[in-house]
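# Examining the three-dimensional arrangement
So you can see what is in the structure, the chains are spelled out below.
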Amino acid sequence: MLIDSHCHLDAREFDADRDAVIVAAHAAGVSGIVIPSVEKNNFSAVRDCCRRYPGCFPAYGIHPLYIDRASEVDFSTLREWLHNESTGAFPPVALGEIGLDYFVPGFDAARQEHFFIEQLKIARDFDLPVLLHVRRSLDQVLKCLRRIAVRGGIAHAFNGSRQQADEFIRLGFRLGFGGAMTYAGSTRIRKLASTLPINAIVLETDAPDMAPCWLAGERNTPVELIRIARTFSELRGLLLAEVLAATSANVLEILNLPLPGPMHLDSPGMAV
């Protein structure tokens, strides 16, 4: 079993061949995919993916790079959506992708923090874990998490110090590692992947983004997770089977996921 803890399967980059992407992922051993939203306008698309493809799990939230398209009303929209979906066939497994991004020039730190804090409150109220975006903002994210305690989650695409990693773990979070870990020049990420407790690590693709080294500059897909896992096993000196079991168990535990069944190739709408 292998679970992609962060994949934007609803993205337009997959519109032409989404069915084939899922078939390939299943054939490679990926039995579960967590799909986070980025704004209210793609809540329905995320849910539709989970309806169409067994083994997919939804998360809903407003990404820090999409807050220019958001308003205060979106908090009520998110609350209503979570309430309605929580009793549906595909209940949300997390609130996300939310967080802070201090990398893109011209960012509004105050507005980002406001949207982050308000969504942490929503996650707390619904007792949901969170999927965190933490690019160039780790200390400020940690500050917000100490202010608004939530039920853990995943710090996606982690690229911080060991001290920061330990603090996220102390607060009940797992750390996401993906394509960046496959580059030989990513020495800090690779050292963390090699030395952090394995029960603190989950694997991800962030597809269609964050392509691994063998796809640099190209579209990433969840099928690549198996090679990412193999890189991780080499860094750790573990058998691939050990890595698959441990990292998948970590996702199941932190997001309280049901055990994914097979992604049936004969599901409605699947092209085979």
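Residues numbered from 1 in each chain as written. Predicted model: local features only at pLDDT ≥ 70, side-chain atom pairs only at ≥ 80, totals over all residues. Heavy atoms only, no water.

### Topic: the pattern of salt bridges
Under the criterion given, the structure shown has 16 salt bridges. One salt bridge in this structure joins Arg219 and Asp17, with 2.9 Å as the shortest N-O distance. Of the two residues, Arg219 sits in the loop between β8 (201-203) and α8 (225-236) while Asp17 sits in the loop between β1 (2-4) and α1 (18-27), which places them 202 residues apart along the sequence. Judged by relative accessible area, which is 31%, Arg219 ranks as partly exposed. On the basis of relative accessible area, Asp17 is assigned to the partly exposed category, the value being 27%. Between Glu253 and Arg174 there is a salt bridge whose closest N-O contact spans 3.1 Å. Of this pair, Glu253 sits in helix α9 (residues 240-254) while Arg174 sits in strand β7 (residues 173-177), and the two are 79 residues apart along the sequence. Under the relative-accessibility criterion, Glu253 is labelled exposed at 55%. Connected via shared salt-bridge partners are Arg79, Arg124 and Asp125. (Salt bridge = Lys/Arg side-chain N within 4 Å of Asp/Glu carboxyl O. Helix = DSSP H or I, 4+ residues; strand = E, 2+ residues; numbered from the N terminus. Buried < 20%, exposed > 50% of the residue type's maximum accessible area, 1.4 Å probe, protein only.)

### Let's talk about the nonpolar core
One finds Leu9, Leu120, Leu132, Phe168 and Phe177 to be the most contacted residues of the largest nonpolar core, which totals 67 residues. With 6 residues, helix α4 (residues 109-126) is the single largest residue contributor to this core. Judged by nonpolar contacts, the second largest core, of 14 residues, contains Phe57, Ala59, Ile254 and Leu257. (Core = buried A, V, L, I, M, F, W, Y, C linked by side-chain atoms within 4.5 Å.)

### Quick notes on helix α2 (residues 43-52)
Among the residues of α2, those classed as buried are Phe43, Val46, Arg47, Cys49 and Cys50. The arc that holds every buried residue of α2, seen down its axis, measures 155°, which confines them to one face. Next to the buried residues of α2 lie α1, β2 (30-36), β3 (56-60) and α3 (73-85). (Arc of directions from axis to C-beta. Contact = heavy atoms within 4.5 Å.)

### What to know about the packing of α4 against helix α5 (residues 138-147)
Between α4 and α5, the shortest axis-to-axis distance is 10 Å and the interhelical angle comes to 35°. Between α4 and α5 lies a crossing of right-handed hand. Here Glu113, Phe116, Ile117 and Leu120 of α4 come into contact with α5, specifically with Gln140, Val141, Cys144, Leu145 and Arg147. Its residues assigned to classes, the contact of α4 with α5 comprises 6 nonpolar, 1 polar and 2 charged. (Axes fitted to C-alpha atoms, helices over the stretch in contact; angles between N-to-C directions. Left-handed = near helix turned anticlockwise from the far one by under 90°. Nonpolar A, V, L, I, M, F, W, Y, C, P; charged D, E, K, R; others polar.)

### Description of the packing of aromatic side chains
Per the counting criterion, the structure on display carries 7 aromatic pairs. Taken together, a centroid distance of 5.5 Å and an interplanar angle of 65° make the contact between Phe43 and Tyr60 edge-to-face. Taken together, the positions of Phe43 in helix α2 and Tyr60 in strand β3 put the pair 17 residues apart, joining distant regions of the chain. Grouping residues by exposure puts Phe43 and Tyr60 together as buried. Ring plane angle 10° and centroid distance 4.8 Å describe the contact between Tyr102 and Phe107, whose orientation is recorded as stacked. On the accessibility criterion, Phe107 (38% relative accessible area) is partly exposed. The ring of Trp214 has Arg227 sitting right over it, with the charged end atom 3.9 Å from the ring centre. (Phe/Tyr/Trp six-rings, centres within 6.5 Å; stacked < 30°, edge-to-face > 60°. Lys NZ or Arg CZ within 6 Å of the ring centre and 35° of its normal.)

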